[in-house]
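The primary structure of each chain is shown beneath.
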Amino acid sequence: MKIGILEGNGIGPEIVAATKKVLEACDLGFEWVHVPIAQEAVELYGTEVPEQSLDLLRELKVAIKGPMSVEKMKGRILLTRKDGTSHIYPSNNNAIRQELNCFACPRPARGIPGISGRYENMDVVIIREISEGIYSAIEHRIQGDLASEAVKLITRAGAERICRWAFEYAIQNHRRKVTCSHKANAISLTDGLFLETFRRVAKDYPEIESEDLMVDATAYYLVKDPKRFDVIVTMNQYGDILSDLCAGLIGSLGLGAGANIGQECAIFEACHGSAPDIAGRGIANPTSLILSAVMLLRHIGRPDMADKVEQAVRAVLTEGRTITRDLGGTATTEEFTGAIIDKLRLS
């Protein structure tokens with residue numbers, strides 16, 4: 001099977017290489033297909049997200065993506081399509097999601113004994129809508145630099161698609177409950193539409209418990225009593241914030257897995273940034289991307305191997321003998337990866 005590889009920048013190439021080694025130890029015969037992105041793509045095609053790379057991703061349908069640096073406060077034209085139209089995106093990640101019509105971003109947060117402290121029993125999945133919301137980059141300045149305005153776009157079709165996807169995810173993964181996180185008391189039209197749609201969709205899934213909770217209360221209860229949650233479905237920005245919170249609660253942003261999933265393509269990615277300050281030093285924690293590769297294995301119908309990889313990662317982390325510096329250890333990226341592969345070979 002062919003798997004696309006987007007190395008990204010910063011620590012991206014290092015953690016992508018580590019993830020490939022772990023998957024190669026699974027002996028599934030994957031063929032890696034390099035997909036130019038970021039600075040490499042600029043050198044080849046003159047833009048960070050070229051149409052050529054997007055076409056290749058559409059053809060491959062499944063890919064692993066390393067983190068890419070985001071230039072803050074500078075939305076820019078990242079690509080010009082074949083039809084001559086162009087679009088301004090706030091980031092490369094946003095461009096990839098939008099151009100490939102990805103709409104669902106599942107981000108599981110499962111506590112790890114020995115690492116997560118009081119949150120070691122946490123087991124929550126944030127399902128984030130990634131095609132709409134405040135990250136749609138519909139914004140402009142008013143009267144020069146006197147003010148700026150952003151539009152939060154929520155459509156009934158987009159809300160229904162992600163809510164239904166969340167309930168289907170719950171059924172397929174034997175989850176008992178779906179919580180809708182919103183702020184419909186203060187943002188009554190956009191969040192209200194999302195909530196209204198969630199409640200209507202929930203009626204089609206009577207076997208799954210459903211509830212809704214304001215996003216600030218959701219954050220509070222995630223910290224105070226995460227056991228009350230199972231699956232949380234929410235809008236783009238809220239999902240971004242809540243999933244980072246969950247990763248932090250279980251120990252580090254470096255432990256959070258994620259994916260961008262659409263009808264035709266699925267891109268599995270680390271949840272953290274490119275960390276240019278430690279790039280090239282061989283100390284990056286590849287756990288996030290390796291656990292995202294676990295999601296990839298389940299996506300392509302190999303839950304058996306997904307379980308083995310996840311168990312190997314968790315065993316190495318819990319033992320604590322070979323962990324990276326961000327988790328209090330001294331292991332290099334290569335040493336940590338090797339420890340996971342050793343566990344895999346023993347399983």
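Nothing here was measured: the structure is a model prediction, and the numbers come from that model.

Colleague: Is there a simple way to think about the environment of Leu291 in this case?
Modeller: Inspection of the secondary structure assignment puts Leu291 in helix α9 (residues 287–299). Looking at Leu291, the relative accessible area reads 14%, which means it is buried. Along the chain, Leu291 and Glu310 lie 19 residues apart, while their C-alpha atoms are 6.6 Å from each other. In this view, Leu291 contacts Leu255, Ala257, Glu310 and Val313; residues no more than four positions away in its chain are not counted.

Colleague: Could you clarify how one ought to interpret the packing of helix α7 (residues 215–224) against helix α8 (residues 236–250) in this entry?
Modeller: Angle between the axes and distance between the axes: these two values describe a pair of packed helices. Where α7 meets α8, the closest approach of the two axes is 10 Å, and the angle between their N-to-C directions is 10°. As judged from the angle between their axes, α7 and α8 are roughly parallel. Residues Val215, Thr218, Ala219, Leu222 and Val223 of α7 touch α8, and the partners they reach there are Tyr238, Leu242, Leu245, Cys246 and Leu249. Of the residues belonging to the contact of α7 with α8, the class tally is nine nonpolar, one polar and no charged.

Colleague: How should I be thinking about a nonpolar patch on the surface in this particular structure?
Modeller: A contiguous nonpolar patch, built from Ile138, Val151 and Leu153 and spanning about 210 Å² of accessible area, is present on the exposed surface. On the secondary structure map, Leu153 appears in the loop between β9 (147–150) and α5 (156–172).

Colleague: Where do I start with the nonpolar core in this structure?
Modeller: A general trend in soluble globular proteins is that nonpolar side chains are found buried together. Core analysis: the biggest nonpolar cluster contains 85 residues, and Val178, Phe194, Leu222, Val233, Val309 and Leu317 have the highest contact counts within it. The leading source of residues in this core is α9, at eight residues. Filtering out sequence-adjacent residues up to four positions away, Phe194 remains in contact with Ile154, Ala159, Ile162, Cys163, Cys180, Val233, Thr234 and Met235. Of all hydrophobic cores here, the second largest spans 20 residues; its members include Val35, Leu57, Leu60 and Ile96.

Colleague: How should I be thinking about the environment of Asn93 in this particular structure?
Modeller: Position of Asn93 relative to the elements: it lies in helix α4 (residues 92–99). Classification of Asn93 by relative accessible area gives buried; the value is 18%. Non-local contacts of Asn93, meaning those with residues more than four positions away in its chain, are made with Lys65, Met68 and Glu269.

Colleague: Before we go on, may I ask you to explain the packing of helix α1 (residues 12–24) against helix α11 (residues 333–346) in this structure?
Modeller: Running from N to C, α1 and α11 cross one another at 15°; their axes reach a closest spacing of 10 Å. In terms of their interaxial angle, α1 and α11 are classed as roughly parallel. Crossing handedness for the pair α1 and α11: right-handed. Mapping the contact onto sequence places Glu14, Ala18, Lys21 and Val22 in α1 and Thr333, Thr337, Ile340, Ile341 and Leu344 in α11. Residues belonging to the contact of α1 with α11 are distributed by class as follows: five nonpolar, two polar and two charged.

Colleague: What exactly am I supposed to notice about the pattern of salt bridges here?
Modeller: Oppositely charged side chains can form a pair if their charged atoms are brought close together. Evaluated as defined, the whole model comprises 24 salt bridges. Of the charged contacts, one joins Arg58 and Asp55 as a salt bridge, the two residues approaching to 2.8 Å between their closest N and O atoms. Taken together, the positions of Arg58 and Asp55, both in helix α3 (residues 51–60) and three residues apart, correspond to about one turn of that helix. Its relative accessible area of 28% is what places Asp55 among the partly exposed residues. Linking Arg164 and Glu160 is a salt bridge whose minimum nitrogen-to-oxygen distance equals 3.1 Å. Remark: Glu160 and Arg164 occur in helix α5; sequence separation between them is four residues, near one turn of the helix. Note on Glu160: relative accessible area 25%, which makes it partly exposed.

Colleague: Quick question: what am I supposed to make of the side chain of Glu48 here?
Modeller: Position of Glu48 among the secondary structure elements: in the loop between α2 (38–45) and α3. Relative accessible area serves as the criterion here: at 15%, Glu48 is assigned to the buried category. Within the structure, the side chain of Glu48 is placed 2.6 Å from the side chain of Asn92, a separation counted as a polar contact.

Colleague: In this structure, what is going on with unusual backbone geometry? I would like to understand it.
Modeller: Residues apart from glycine generally show negative phi values, whereas peptide bonds are mostly found in trans. Of note, Asn101 is a non-glycine position whose phi angle comes to about 60°, a positive value. Among the structural elements, Asn101 can be located in the loop between α4 and β6 (102–110). For His174, which is not glycine, the phi torsion reads 55° and is therefore positive. With respect to the secondary-structure elements, His174 resides in the loop between α5 and β10 (177–182). Overall, His174 belongs to the exposed group, its relative accessible area being 76%.

Colleague: Mind showing me how you'd approach the state of the cysteines here?
Modeller: Simply put, disulfide is the name for a covalent bond between the sulfur atoms of two cysteines. With the rule as written, the count across this model stands at zero disulfides. With no disulfide of its own, Cys265 lies closest to Cys102 among cysteine sulfurs, the gap being 5.4 Å. Judged by relative accessible area, which is 4%, Cys265 ranks as buried.

Colleague: How should I be thinking about the sheet that holds β6 in this particular structure?
Modeller: By way of backbone hydrogen bonds, the strands of a sheet pair with one another, either parallel or antiparallel. Read from one edge of the open sheet, ten strands run β2-β1-β3-β14-β13-β6-β7-β12-β10-β11, paired in mixed fashion. Where the open sheet ends on each side, the last strands, each with one partner, are β2 (31–34) and β11 (209–214). Strand-to-strand, the axes of this sheet are offset by a mean angle of 25°, without reference to chain direction. Of the pairings in the sheet, the one linking strand β3 (residues 62–65) to strand β14 (residues 266–270) comprises four bridges and is parallel in character. Opposite Ile64, over in β14, you have Phe268 as the bridge partner. This element, α9, spans β1 (2–6), β3, β6, β13 (257–262) and β14 of the sheet and lies at about 155° to β14.

Cut-offs used in this document
Residues numbered from 1 in each chain as written. Predicted model: local features only at pLDDT ≥ 70, side-chain atom pairs only at ≥ 80, totals over all residues. Heavy atoms only, no water. Helix = DSSP H or I, 4+ residues; strand = E, 2+ residues; numbered from the N terminus. Buried < 20%, exposed > 50% of the residue type's maximum accessible area, 1.4 Å probe, protein only. Contact = heavy atoms within 4.5 Å. Axes fitted to C-alpha atoms, helices over the stretch in contact; angles between N-to-C directions. Parallel < 35°, antiparallel > 145°, perpendicular 65-115°, else oblique. Nonpolar A, V, L, I, M, F, W, Y, C, P; charged D, E, K, R; others polar. Patch = residues over 30% accessible without salt bridge, like charges linked within 9 Å, V, L, I, M, F, W, Y side chains within 5 Å. Areas by Shrake-Rupley, 256 points an atom, 1.4 Å probe, with all protein chains shown as cover. Salt bridge = Lys/Arg side-chain N within 4 Å of Asp/Glu carboxyl O. Core = buried A, V, L, I, M, F, W, Y, C linked by side-chain atoms within 4.5 Å. Left-handed = near helix turned anticlockwise from the far one by under 90°. Polar contact = N/O pair within 3.5 Å; in protein donor to acceptor, adjacent residues only side chain to side chain. Disulfide = S-S within 2.5 Å. Pairing = 2+ DSSP bridges.

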